[in-house]
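Observations on chain architecture
What follows is the residue order along each chain.
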Amino acid sequence: MALLEAKTTSTFTDTTPTTTSVFSKGDFAVEFIKVAETSNSSSSSPPKPLLIATPTAKGSYPVVLFLHGFYLRNYFYKDLLHHISSHGIILVAPQLYEYVPPSGTEEIDSAAKVTNWLQEGLQPKLPENVRADLTKLGLAGHSRGGKAAFALALGKAETSLSLKFSVLLGIDPVAGLNKGCRTKPHILTYNPRSFDLSIPVTVIGTGLGSEQKNCLSPPCAPEGLNHEEFFNECKPPCAYFVAKDYGHMDMLDDNPPGAIGELSSCMCKNGTGPRDPMRRSVGGIVVAFLRAYLEADEKDLAAIVGDPSLAPVTLEPVEFIPASKSSLIT
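All figures in this text were calculated on a predicted structure; none of them were measured in a lab.

1. Section: the environment of Gln 95
Its location among the elements puts Gln 95 in the loop between strand S4 (90-94) and helix H2 (104-121). Placed 59 residues apart in sequence, Gln 95 and Ala 36 show a C-alpha to C-alpha distance of 9.9 Å. For Gln 95, the residues in contact, after removing those within four places along its chain, are Lys 48, Pro 49, His 68, Leu 72, Arg 73 and Asn 74. A polar side-chain atom of Gln 95 sits 3.1 Å from the main-chain carbonyl oxygen of Leu 72. A distance of 2.8 Å separates the side chain of Gln 95 from the backbone nitrogen of Asn 74, its partner in a polar contact.

2. What to know about helix H6 (residues 276-294)
If you check H6, its first and last C-alpha atoms are 26 Å apart, about what 19 residues at 1.5 Å a residue would give, namely 27 Å. Counted residue by residue, H6 has 16 buried out of 19 residues, so it is predominantly covered. Directly beyond the C-terminal end of H6, a positive phi value near 55° is found at Ala 296.

3. Considering the pairing of strand S2 (residues 50-55)
Counting buried residues along S2, six of its six residues qualify, which places the element largely inside the surrounding structure. Of the two faces of S2, the one lined by Leu 50, Ile 52 and Thr 54 and the one lined by Leu 51, Ala 53 and Pro 55 are each fully buried. Bridge analysis of strand S1 (residues 30-35) against S2 gives six bridges, and the strand direction is antiparallel. Among the inter-strand pairings, Val 30 is bridged to a residue of S2, identified as Pro 55. Taken together, the four bridges between S2 and S4 define a ladder with antiparallel strand orientation. In the sheet register, Ala 53 faces S4, and the bridge partner there is Leu 91.

4. Looking at the pattern of salt bridges
Taken as a whole and assessed by the stated rule, the structure comprises 10 salt bridges. In this structure, Glu 211 and Lys 269 form a salt bridge, with 2.7 Å as the shortest nitrogen-oxygen distance. Of the two residues, Glu 211 is situated in the loop between strand S9 (201-206) and helix H4 (227-232) and Lys 269 in the loop between helix H5 (258-266) and H6; the sequence distance between them amounts to 58 residues. Between Asp 300 and Arg 291 there is a salt bridge whose closest N-O contact spans 2.8 Å.

Cut-offs and rules
Residues numbered from 1 in each chain as written. Predicted model: local features only at pLDDT ≥ 70, side-chain atom pairs only at ≥ 80, totals over all residues. Heavy atoms only, no water. Helix = DSSP H or I, 4+ residues; strand = E, 2+ residues; numbered from the N terminus. Contact = heavy atoms within 4.5 Å. Polar contact = N/O pair within 3.5 Å; in protein donor to acceptor, adjacent residues only side chain to side chain. Expected span 1.5 Å × (residues − 1). Buried < 20%, exposed > 50% of the residue type's maximum accessible area, 1.4 Å probe, protein only. Pairing = 2+ DSSP bridges. Salt bridge = Lys/Arg side-chain N within 4 Å of Asp/Glu carboxyl O.

If you want it as structure tokens, here you go:
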């Protein structure tokens, strides 16, 4: 597959910047807000518990729905969410289930219900003078949550007709343990550019996700079900970044708490270095992609594609396929 060769392709102009600040924390102070699920059927009550990361300064900000990985907790991603939000973005991270993971179909249905809640329920939960701009709505997910994000974008669960996702981001997405054990609904077709999506997509993968940590643990992101195949099935415009020396859980916080946190640290092969560079790299790519397609500001994404060494970790391969040969933004 030529599109997945270890090379960088770009159609950006020679005015591409040589530096970018997206890999550092942004200028916005960030507040975390916990919103509990209740039995109250009012529009103010979310269908699932939420962790919201929001700028506190007066303004109107894009919104991203962020779906956690298999058996993980939304608060395991606080450092990553903080990094992204500090650049002027509201993130809504539902806890889609607690101790017994549901079927993939039920998980996607839950994500759809949270999406539908956003229109009436999100604004009252935000700080005074902070406005959620739902005309700029992104969808992101990690691991099985990445697969759920793709499924939701592909219409595998019903969402409000008045809400439209503008961008999609998969962070080391995984569709199952192996091809014989895939989570439903099955969305991978193994046909290039087959996803029926009309929005820009970025896929961020890990170089170690397809490797076993030990002889007792299967790979957390097995070949044929991981980032490579997800990207291969994306239509332009789409981008692809692989953190070569990092593993499937290395974008989580350091030492996530509790038994599940300990389990998350020992089941997958991890990079040998600290996690902070990985979180900053993932967060920076997310910010750059959102700016390019939600704000029509392509300079940061152009900088990263043009010179992947700007990132705190080694990105290899890097691919960008524009919607047209002449421009990033369409």
